[in-house]
Amino acid sequence: MFRKTVRGGVHPCGHKSLSNDSPIRYFPLSDTLYVSMQQHIGAPASPVVRPGDHVLKGQLIASSQGNISAPVHAPTSGRILALAEHTAPHPSGLPVLVATLEPDGLDEWGALNPPSDPMALSPEEVCIRIGAAGIVGMGGATFPSAVKLNLSLNSQIQTLIINGGECEPYLSCDDRLMRERATLIIQGILLMQHAVQAREVLVGIEDNKPDAISAMQQAAQGSGVQVIPVPSQYPMGSEKQLIQQLTGIEIPAMSRAAASGIIVHNVATAYAAAEALYQGKPLVSRIVTLSGGAVTHPGNWQVPLGTLASHFLNRASGFNEKPARLIMGGPMMGIQLPDLNVPVIKGTSGILALTENEINHTNPGPCVRCGNCVRSCPMGLLPLEMAANIRSGELKKANELGLHDCVACGACSYICPSSIPLTHLFNYAKGELAQQQKARQKMENTKVLAQRRERRLERQAKEKEALMAARRAAAAAKKAAQQQKEEA
Amino acid sequence: MPVSSFPPNHGPHIHNSTGNTSILQNSSAHLPALMLQVMLALSPATLFSFWAYGWPSFILWLICLTSALLWESLLLKLFGKSVSKHLKDGSALVTAWILALCLPPWAPWWLAIVGTFLAIVIIKQIFGGLGQNVFNPAMAARVMLLIAFPVEMTQWINPAPVLDNMPSALTFQFPDISSSISYIFSSQALPDGATGATFLSDIKMQIEAGTPAHIATAVSSSANQPAYSVLDTGLGLHSGSLGEGSALLLSLGGLFLLWRGIITWQAPVGLLLGIAIPALLLNQASPELYPGADFHLLNGATMLAAWFIVTDPVTCPVTARGRLIFGLGCGLLAYLIRTFGNYPEGIAFAVMLMNSATPVIDRYIQPRIYGRSRRGQALAVNNPAADK
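Keep in mind that what you see is a predicted model, and the values were worked out from it rather than measured.

Caption draft 1: The arrangement of the pairing of strand 10 (residues 200–206) of chain A in detail. All names here are of chain A. With respect to burial, strand 10 is a largely interior element, six of its seven residues being buried. Pairing between strand 9 (residues 159–164) and strand 10: six bridges, direction parallel. In the strand pairing of strand 10, N163 is matched with G204. One ladder, built from six bridges, connects strand 10 with strand 11 (residues 225–230); its direction is parallel. Paired with G204 across the strands is I228, a residue of strand 11. Where the polypeptide runs from strand 10 across helix 5 (residues 210–220) and back to strand 11, its parallel neighbour, the crossover connection is right-handed.

Below is the structure:
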C-alpha cells in the first residue's frame, strides 16, 4: 500500500571532485589548540584538569556530566594554558568553555589499554568503552554514540544501518575514509553490531562513490555486513530516508527508529569505535573536508580537534577569492560561521568557503505555487502551505500540516524558484512553538502553585478560626465553671 | 515577522542553479530564468504564426507585450511595490504573450490593450499580484473579451499558405509592415474572402445543419474553407487565433518545458485524455454526430492549453495527483462545451471553472506524510526483532 522508495529529494551538483581525489593528509599541530567542552549535543563536559597541568595525548581533560553528554580528551600532549571562554562554532557566535592547550610537540600518547579481544566484551561493556572514548555521531549531529547504543539495547534491534551516504554536496571525508580505511571501519561496524546485538548490518553508500563501495565491499567479505549502493539523491543520508531506502520500512511519526528495531550510525562513528576498542585511542581528531570555490587547494585532512578553522584554512590552502560564506558541515544543513576564529570539533565534517556564485542567492520573491517544494519534500509535506501559514502567524495550522515531521533537510528552500527561505521559516516556527509550549507549561505550573497557595491559606484560615472557636469555647467553659464555682 | 534577517544564517546555503546541473534536475533556478524558458518554448509556434498571418499579427503581439508591461508597472507603482524588481520576474510578459496567442491574429489594437488590462489589472494585480490570482489571467481575459466583443473576437483570417490556394488570393494580399500598422490601428473590416471559420465552428455548424461528422471533416464546405486534414491542421495550416495554429510546434515547446523540468506531465496528460477519451467513445458510438479524437486534439486551443495554460502553476493544484485531476477536469469540460454547448471552443471556460475548483482539489488531495497514514495518524510501531 505504501511506496517503498524514497520520495522527493533534489539533485544538487555534488562538487565532490573538488576534494575526493585527494587522499587524507595529516594536519600538523598548531601552536595552540582550543578544545571545546561542548562538542556534542547535551550537557557540556566538565573539566578535570587545571591550568598549568601537563597532559598526554588521549588523556581525559573533561568528563561527561548528565545523562546526555560526552567526555573530551587531549588531542595531543602538552600544557593546559587556560580554561576560558571562546567563540563557539555556532551561528550565534556565543562563547563556550574551552581548554586552551599548548602542544609540547612530542605528540606523546598516554597509556593505551585496548582490550585483548573487544568482541569478547559484553555488549554493555562495549557501550561503556565507546562512551568513555568520547565518541559522538560523526555525521554532524554529534549525539553521544554510547547513549544511542544504550537506548537501543533496551529495544531489541533487528538491523544496524551504517550511513555512508554522504549526500551533502562538497563533502568527501566519509568517501575518503571508506576508500582508505575500510578494514577498520568494518571492525568498528562489527563492534557496534555486537553492542546492540543486531541481527543484520546494512551499509548504505550513495552510488556516486563507486571506489568507496568497492573498497567497503571487499573489506566486508565474509563478515556478514552487506554493503548496498543507494541512489545519489539528497537527502539520502537522512536517517529516515536511508532506512526507507534500505529496508522499505517507514519509521512511524513521533517514534524513534530503535522502536522499530533499527539503529543508524555514521561510517566515521564506526571507525572511531574501532580505533577506541582495538587501539585504545579516544576520539581526538577527525577527517575534515576543506572545499568550496573560494579555496585554492581543496582536500581532506585528519585534523586534531581544537585546531582553529582559520589556522587550518590558511595552512592547508588559502583563498583564491574572498569567500561569500563560510560553512561548517555541508552546504545543505551545515551552519554558517560568523568568522573562522572557531575550533574544529567532533562534528566538523567539512569547512567550506563558498563564492557568491556558488551560493546563488537572490532575494525572495512571491510564491507562484509551482509545487517544486511539494515534489522535493522527502517527508511528503506541503512546504508552501506551511510557510504561508507561518507568515500569517498561524503556527498551529502549520503544525497541523506536519511542521514537526519536517527534518529540515533544506531541499524545498534549495529548489524554490522564488528563493523563499522555507527551511528558515520552519525552524523559526518550531522554535516559536517550543517557546509557546514552555510558556504554557510555566503558566500551568504557576496556576497550580497559586491554587495550592489559595487552598493552603484557606485551610490555614479555617484552622485558625477553629482554633479561635475552640479557645472561645474553652474560655466560655472556664468562665461558666468559675461562675458556678462563685455561685457555689 | 521572522523573515527580516536575509539571507538566513543556516542551511541550505546553496541554491539550485541552471548552470551546472544535470538534465535530471527537476526544476530551473530562479523565477526569471523559468519565465524566460517558457517564452523560449512559446517562440516556435509564435514565429510560425507570424509567418502564417503576416505583419498585423506581429504588431498585435507587440502591442500585447508593451501594454502588459505598462499596466504591470502602473499597478506595481500604485501598490507601492518595486517596479524594477517585480517587472524582472517576467510573469507579465508570459501572460501577455499567451493572451496574444488567444486573440484573432488581426484583432484591432484596442482589443489587445483591453485584454491586457483585464488580465494584468483585474485578474492578477487586484487579486494580490503574482501568485495570488485565482484565475488564469490570459484565459479569464479571453473569456471576458469573447463575451464583450463577440464580433472582433471571432474574425479569423486565413493563414497565408491557405489563402494562396484560394480564389480570393487574386484579390487580397497580406499588407506590408507600414500598412499593417495602419490596418491594426484603423480597425478596418476584414475582406470577406480573407477570413474563414475555425474548423471547430465550421464542423459544428455543419453537423448541426445535418451533415454527418465524418463527411463534414472530409470535405470542404465552401470556396474559402479548406477541408480538414490531420496533417495540415497538425502543422497549423488552418484559421484560428494566433496560438491555435501549429499543434506540432506547440507540443515541441511543451516537451522542451517538460524536459527542462519547468512543467510536470500530469496536467497536460490529464487535459489531453480528458478530451480524447470522451471524443473517442462518442465517435465510436455515433461517428455521424461526433468527430474523432484527432479532430479535437489538433483543433482549437487544445495544445496551447495543454502545454501552456493548464500548466500555469499559480492557478492549478500543487500536487501531482491534483494536477492530473485538474487536467482531466479541464479536458472533459472543454469537450462537453465544444460538443453540447453554444460555443465552438470551450477550453477557456473549462479552465476558469477548474481554476475555481483548485482550492478544493488542494484541500483534499495531499501527499501522505512519511510515517503517517493518509489521515495523518502515526503508523503503528512494529519491531521485527521484538516479535520473535
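That was the structure; now back to the text.
Caption draft 2: Geometry of the UniProt feature "binding site: [4Fe-4S] cluster 2" (unreviewed entry) in chain A. Residues and elements named next belong to chain A. Per the UniProt record, "binding site: [4Fe-4S] cluster 2" (unreviewed entry) is annotated on C377, C406, C409 and C412. In summary, the annotated positions, though distributed over 36 residues, converge in three dimensions, the widest C-alpha pair being only 10.7 Å. Here C406 is to be found in the loop between helix 12 (395–400) and helix 13 (411–415). Using a relative accessible area of 14% as the deciding quantity, one classes C406 as buried. Of note, C412 is situated in helix 13. Those residues in contact with C412 that sit more than four places away from it in its chain are C373, S376, P383, L422, T423 and F426.

Caption draft 3: Highlighting the sheet that holds strand 13 (residues 285–291) of chain A. Residue and element names in this part refer to chain A. Judged by pairing direction, the sheet is mixed, and its six strands sit side by side in the order 1-14-13-17-15-16 without closing on themselves. What marks the edges here is a single partner per strand, and that holds for strand 1 (25–26) and strand 16 (335–336). Lying over the sheet, helix 3 (residues 173–180) contacts strand 13 and strand 14 (299–304), oriented at roughly 125 degrees with respect to strand 13. Strand contacts of helix 8 (residues 309–316): strand 13, strand 14 and strand 17 (350–354), with the helix running at about 60 degrees to strand 13, the strand carrying the most contacts.

Caption draft 4: Fine view of the side chain of A:Q233. All names here are of chain A. Relative to the assigned elements, Q233 resides in the loop between strand 11 and helix 6 (239–247). Here G8 takes part through its backbone oxygen, which lies 2.8 Å from a polar atom of the side chain of Q233. Setting aside its immediate chain neighbours within four residues, Q233 contacts V6, R7, G8, G9, V10, H11, C167 and E206.

Caption draft 5: View of helix 5 of chain A. All names here are of chain A. Every buried residue of helix 5 is listed here: A212, I213, A215, M216 and A220. The buried residues of helix 5 occupy an angular sector of 170 degrees when projected down its axis, which confines them to one face. What points out from helix 5, more than 90 degrees from its buried face, is the exposed set P210 and Q218. Summarising the contacts, the buried residues of helix 5 are in contact with helix 3, helix 4 (182–196), strand 10, strand 11 and helix 7 (267–278).

Conventions we followed
- Residues numbered from 1 in each chain as written.
- Chains lettered and ligands numbered in written order.
- Predicted model: local features only at pLDDT ≥ 70, side-chain atom pairs only at ≥ 80, totals over all residues.
- Heavy atoms only, no water.
- Buried < 20%, exposed > 50% of the residue type's maximum accessible area, 1.4 Å probe, protein only.
- Helix = DSSP H or I, 4+ residues; strand = E, 2+ residues; numbered from the N terminus.
- Pairing = 2+ DSSP bridges.
- Right-handed = clockwise from strand over helix to strand, strands pointing away.
- UniProt positions renumbered as here; feature names shortened; annotations may be inferred.
- Contact = heavy atoms within 4.5 Å.
- Axes fitted to C-alpha atoms, helices over the stretch in contact; angles between N-to-C directions.
- Polar contact = N/O pair within 3.5 Å; in protein donor to acceptor, adjacent residues only side chain to side chain.
- Arc of directions from axis to C-beta.

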